[in-house]
Amino acid sequence: MMQDLKLYENFVKACQNCTKCDLAKTRTNVVIGRGNNINAPVMLVGEGPGEQEDLTGLPFVGRAGKLLDHLLNALIFSPEDYYICNIVKCRPPNNREPTREEAEACLPYLRFQVRYIKPKIIVCLGGTALRYIVGGDARITKVRGNWVDRPGFFRIMPTYHPAAVLRDPSKKEELYQDMKKVKEYLDSISS
């Protein structure tokens, strides 16, 4: 266990010292992840940090994060059930979508998090997460709400990013239903 902890500490240091792309020049903080359980069965993956996340060093703490927290609480997810992170660990200027180069530079960090945490479920929050986790031709409007299986590893649930729901409240019910499927599957594998 001690060796595992050292491995994770080295990962955090590598992220904090990363200069693989230009996002390192404008960041305030590296935003690695948030969760009470480093072996959480559910990993929620967003696009990248926003302004509040860059200031605090924690993912999903702004308006979209508050909506996500409210949803997780409403569906009775335990804080031990999930770990939240992003495709990129540094804020893209003006909260723009990360470029392919930025995402590709950061993906080894996300892959480490997946290998280390070993989630049973990965929730892709939005199109950017879906594109880099499932594949470049995947479209959130086509696959959201449907399980994508990676046999022997994990199941993937693509859904809307909470920020998209804030912009278009008509998507709120679909996000809720998708996360309800995640909770039902989690309960079925936990019992």
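In what follows, the accompanying structure is described.

Criteria and thresholds
Residues numbered from 1 in each chain as written. Predicted model: local features only at pLDDT ≥ 70, side-chain atom pairs only at ≥ 80, totals over all residues. Heavy atoms only, no water. Helix = DSSP H or I, 4+ residues; strand = E, 2+ residues; numbered from the N terminus. Expected span 1.5 Å × (residues − 1). Buried < 20%, exposed > 50% of the residue type's maximum accessible area, 1.4 Å probe, protein only. Arc of directions from axis to C-beta. Contact = heavy atoms within 4.5 Å. Polar contact = N/O pair within 3.5 Å; in protein donor to acceptor, adjacent residues only side chain to side chain.

1. Some remarks on helix 4 (residues 63-74)
For helix 4, built from 12 residues, the straight-helix expectation of 16 Å at 1.5 Å per residue is met to within 8% by its first-to-last C-alpha distance of 17 Å. All buried positions along helix 4 are accounted for by Ala64, Gly65, Leu67, Leu68, Leu71 and Leu72. Buried residues in helix 4, looked at end-on, bunch into an arc of 160 degrees, giving them a common side. Across from the buried face of helix 4, at angles greater than 90 degrees, the exposed residues are Arg63, Lys66, His70 and Asn73. Of the surrounding elements, those touching the buried residues of helix 4 are strand 1 (42-46), strand 2 (82-86), strand 3 (121-125), helix 8 (162-167) and helix 9 (172-190). Immediately downstream of helix 4, the backbone of Ile76 shows phi near 60 degrees, a positive value.

2. Here's the deal with the environment of Ser78
Along the polypeptide, Ser78 turns up in the loop between helix 4 and strand 2. Judged by its relative accessible area of 29%, Ser78 falls in the partly exposed class. Sequence spacing of Ser78 and Asn36 is 42 residues, and the spatial spacing of their C-alpha atoms is 9.5 Å.

3. Structural notes on the side chain of Asn37
Along the polypeptide, Asn37 turns up in the loop between helix 2 (23-26) and strand 1. Within the structure, Asn37 has its side chain in polar contact with the backbone nitrogen of Asn39 (distance 2.8 Å). At 3.0 Å, the side chain of Asn37 forms a polar contact with the backbone oxygen of Glu80. Filtering out sequence-adjacent residues up to four positions away, Asn37 remains in contact with Glu80 and Tyr83.

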